Amino acid sequence: MSRKFAPLWVASALLAACASGPQRSSPGDYRLDTHTTAHVHHAAILAQQLAASAATRVAASTLLRYVPAVMALMQSHNAVGELEERLAACAAHAEEQGNALFFKKRPPTREECRERVDWDECGRPITRAMRLGQQKHVLALECAREVLDELWPAPYSIEQRYRFYLNAGFVETISPEKEASIIARGCTEELRGTIKPDLVLHADRNLLKAALTLDFKFPCPDTNTPQWAEYGESSPYASLKQGNVYEKALGGKALLVSPGTGVNPP
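An account of the accompanying structure is given in this report. (Residues numbered from 1 in each chain as written. Predicted model: local features only at pLDDT ≥ 70, side-chain atom pairs only at ≥ 80, totals over all residues. Heavy atoms only, no water.)

What to know about the pairing of strand β8 (residues 212–216)
Of all five residues that make up β8, five are buried, and the element is covered over most of its length. Judged by which residues are buried, β8 turns out to be covered on both faces: L212, L214 and F216 on one side and T213 and D215 on the other are all buried. As judged from the three bridges shared by strand β7 (residues 199–201) and β8, these two strands associate in the antiparallel manner. Within the sheet, the bridge partner assigned to L199 lies in β8 and is L214. With five bridges joining them, β8 and strand β9 (residues 253–258) adopt parallel strand pairing. (Buried < 20%, exposed > 50% of the residue type's maximum accessible area, 1.4 Å probe, protein only. Helix = DSSP H or I, 4+ residues; strand = E, 2+ residues; numbered from the N terminus. Pairing = 2+ DSSP bridges.)

Right under this line is the structure:
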């Protein structure tokens, strides 16, 4: 059952239960007895509380405040709120499951996050934080695919890589096959100047434009604040942050999704 009908349904069910309960009044007496009146009053209060909760969710919605294009597409405050809540739940679930693999559901300490666990093909260290982040991303994106299949009314892309020419303002896609071929060749500069957002929600079939771009972030330790990475001096996007580049390349708004704070404002 859709959440947007929950308050009406609960109140109706409780009222129906009251109506079918013991009838203590005499024939011709249409006054409700104390027992029935109490149930009716409780149903009304419960409906008001549920409606207030939904209103609070809408008022607090980051998507409604920062991304009007999402409301234009989904055409329902409740639908937008549900999308936001469920994507945030994907992040929380991935955080819990990822930690459970190594730490019995407790979060890793700062020292554990910094621990080196491997080396990449370019000889750079891989920390526990990096490895955990990769694993949690897999879990979060699997969950997000299910959510978007159910709720998003237009096309979307997951981990699509783009090549963006900042000065020209031109962007093009890189196919998964080409990306895999480049990566298979080992340590290479061929992916320099590319971006790979976690989720790109499109407004129509133009897959080079975003209504909304989302990146999952899993701070390690979890007391760290989720934030966009900043590109280094060797990057074509030097001194810019990921979210800024996503917006320049694809349009729309770019937001973070993290376990502690849900969908974060820019």
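Considerations on the nonpolar core
Within the largest apolar cluster, 30 residues are counted, with the highest numbers of intra-cluster contacts made by L83, W152, L199 and F216. Elements supplying a minimum of two residues to this core: α3 (62–66), α4 (68–74), α5 (77–103), α7 (128–151), β7, β8 and β9. Those residues in contact with F216, other than ones at most four positions away along the chain, are L87, C90, A91, H137, A140, L141, A144, D198, L199 and V257. Counting residues in each nonpolar core, the second largest holds 15 residues, with F164, A210, W228 and Y237 among its members. (Core = buried A, V, L, I, M, F, W, Y, C linked by side-chain atoms within 4.5 Å. Contact = heavy atoms within 4.5 Å.)

Describing the layout of surface pockets
Counted as a void, the largest pocket has a volume near 2000 Å³. Elements that contribute at least two residues to the lining of the largest pocket include exactly β2 (125–127), α7, β6 (194–195), β8 and α9 (242–250). At five residues, the largest contribution of residues to the lining of the largest pocket is made by α7. Of the residues that constitute the lining of the largest pocket, the class distribution is 20 nonpolar, 13 polar and 11 charged. (1 Å grid on protein atoms, 1.4 Å probe; cavity = no way out; pocket = protein on both sides within 12 Å on 5 of 7 lines; lining within 4 Å. Points joined across faces, edges and corners; volume = space filled by probe spheres on them. Nonpolar A, V, L, I, M, F, W, Y, C, P; charged D, E, K, R; others polar.)

Some remarks on the side chain of S76
Structurally, S76 is set in the loop between α4 and α5. Of note is the side chain of S76, whose polar atom sits 3.3 Å from the backbone nitrogen of N78. A polar contact is formed between the side chain of S76 and the backbone nitrogen of A79, at a distance of 3.2 Å. (Polar contact = N/O pair within 3.5 Å; in protein donor to acceptor, adjacent residues only side chain to side chain.)

Observations regarding the state of the cysteines
Scanning all chains against the criterion turns up two disulfides. The disulfide partner of C90 is C143, and the S-S distance across this bridge is 2.0 Å. Taking the torsion about the sulfur-sulfur bond, which here is approximately -75°, the covalent link between C90 and C143 counts as left-handed. In this pair, C90 is assigned in helix α5 and C143 in helix α7, connecting sequence segments 53 residues apart. Among the residues examined, C143 registers a relative accessible area of 23% and is labelled partly exposed. Sulfur-sulfur distance for the disulfide between C113 and C220 comes to 1.9 Å. Since a negative S-S torsion denotes a left-handed disulfide, the C113-C220 link at about -85° is left-handed. Residue C113 is found in helix α6 (residues 110–114), and its partner C220 is found in the loop between β8 and α9; the two are separated by 107 residues along the sequence. (Disulfide = S-S within 2.5 Å.)

Description of the packing of aromatic side chains
Within this structure, the stated rule accounts for six aromatic pairs. Consider the rings of Y231 and Y237, whose centres lie 5.1 Å apart with planes at 75°: the pair is edge-to-face. There is no split in this pair, since Y231 and Y237 are both buried. A cation sits over an aromatic face here: R128 above F102, 5.4 Å from the ring centre. (Phe/Tyr/Trp six-rings, centres within 6.5 Å; stacked < 30°, edge-to-face > 60°. Lys NZ or Arg CZ within 6 Å of the ring centre and 35° of its normal.)

With respect to the pairing of β9
Where burial is concerned, most of β9 is hidden: five out of the six residues are buried. For the handedness criterion, the β-α-β arrangement of β8, α9 and β9 is classed as right-handed. With antiparallel pairing between neighbouring strands as the criterion, β9 and strand β10 (residues 262–264) make up a hairpin whose turn holds three residues. (Right-handed = clockwise from strand over helix to strand, strands pointing away.)

As for the sheet that holds strand β4 (residues 161–165)
Spatially, β5-β4-β6 is the arrangement adopted by the three strands of the open sheet, whose pairing is antiparallel. The two strands at the open ends of the sheet, each matched to only one other strand, are β5 (170–174) and β6. Here β4 runs beside β6; their pairing, made up of two bridges, is antiparallel. Paired with Y162 across the strands is I195, a residue of β6. Contacting β4, β5 and β6, α9 runs over the sheet at an angle of about 80° to β4. (Axes fitted to C-alpha atoms, helices over the stretch in contact; angles between N-to-C directions.)

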